[in-house]
Amino acid sequence: MMGKSDIGFAKPSMSWEQSIEINLARYYAAAPQKPLRQVVIFIKMVERLRVTLDAFFEFRNGRTYHLKSNKKKQKVVSIFTAGNPERESFVSISRVFNRIIDNMGWQLEGEFFFPASHLLVAEPELLSNQLEAVTMCGQGFVSKGKISKELLEAANREYIDDPETTLHHMTQMILKMRKDNQANSADRKVL
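Residues numbered from 1 in each chain as written. Predicted model: local features only at pLDDT ≥ 70, side-chain atom pairs only at ≥ 80, totals over all residues. Heavy atoms only, no water.

*Asks:* Can you walk me through the overall build of the protein in this structure?
*Replies:* A tally of helices and strands in the protein yields seven helices and four strands. Scanning the protein from its N terminus toward the C terminus, one meets helices and strands in the order α-α-β-β-β-α-β-α-α-α-α. Counting every atom, the protein has about 14,000 Å² of accessible surface; 57% of that belongs to carbon and sulfur. (Helix = DSSP H or I, 4+ residues; strand = E, 2+ residues; numbered from the N terminus. Areas by Shrake-Rupley, 256 points an atom, 1.4 Å probe, with all protein chains shown as cover.)

In structure tokens, the structure reads:
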């Protein structure tokens, strides 16, 4: 068994597999109390990402950027849902995704926000205009490679008049689901 000091560093001349093995050994040596399951999850994540990543990094404006070797910018859209009825719930996650998009050199075509996402199931008619606009945005994105500003605004139009009432509705829905689940569990125990 190797100790912490016996583990070297990955070198550019090594194969991908060798460098991963060394990095994983360093990771596990630094935190041997971590369950092996976490290490396996980490390996799976790296295995899935390695086909999309190039080993080019640049430091500019106080940040590290992962450069892509291909010159064509990938166009992306972000669709966010949240249980909370306030749109402020999306500020942090939007910033994180915008940072990732910028870091990867991609181009953000639009962001779609759906607060009180339980309404997508409980009252889809309330969001029918927004959902239709999202569908039209998708069609424009696929056919023309861009989304019109008007459709983006229509897709993100506010549909919650009273956040407090919406929150109360969501709470009642959750309590009913909990009660139904408990009844179903009791029925299964009897069987």
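On we go.
*Asks:* How should I be thinking about helix H3 (residues 91-103) in this particular structure?
*Replies:* Given 3.6 residues per helical turn, the α-helix brings residues three or four places apart onto the same face. With 13 residues, H3 extends 18 Å between its outermost C-alpha atoms, agreeing within 8% with the 18 Å of an ideal straight helix rising 1.5 Å per residue. Every buried residue of H3 is accounted for by Ser94, Ile101 and Asn103. At the exit of H3 stands Gly105, carrying a positive phi of roughly 75°. (Expected span 1.5 Å × (residues − 1). Buried < 20%, exposed > 50% of the residue type's maximum accessible area, 1.4 Å probe, protein only.)

*Asks:* What should I look at first to understand helix H5 (residues 128-144) in this one?
*Replies:* Counted at 1.5 Å a residue, the expected span for H5 with its 17 residues is 24 Å, and the 24 Å between its end C-alpha atoms agrees. Turning to H5, its buried residues are Gln130, Ala133, Val134, Cys137 and Gly140. Taken down its axis, H5 places every buried residue within 125° of arc, on the same side. For H5, exposure combined with an orientation more than 90 degrees from the buried face picks out Val142 and Ser143. Of the surrounding secondary structure, the elements contacted by the buried residues of H5 are strand S4 (107-114) and helix H6 (149-155). Remark: Gly145 follows H5 within two positions and exhibits a positive phi of approximately 80°. (Arc of directions from axis to C-beta. Contact = heavy atoms within 4.5 Å.)

*Asks:* I'm lost on the side chain of Glu111 in this one. Help?
*Replies:* With respect to the helices and strands, the residue Glu111 is situated in strand S4. There is a polar contact of 2.5 Å between the side chain of Glu111 and the side chain of Ser94. Within the structure, Glu111 has its side chain in polar contact with the side chain of Asn98 (distance 3.1 Å). Glu111 has contacts with Ser78, Phe80, Ser94, Asn98, Leu152 and Asn156, leaving out every residue within four places of it along the chain. (Polar contact = N/O pair within 3.5 Å; in protein donor to acceptor, adjacent residues only side chain to side chain.)

*Asks:* Explain the pairing of S4 to me, please; I cannot follow it from the model alone.
*Replies:* Along a regular strand, successive side chains alternate from one face of the sheet to the other. Of all eight residues in S4, six are buried, a share of seventy percent or more. For the handedness criterion, the β-α-β arrangement of strand S3 (residues 75-81), H3 and S4 is classed as right-handed. (Right-handed = clockwise from strand over helix to strand, strands pointing away.)

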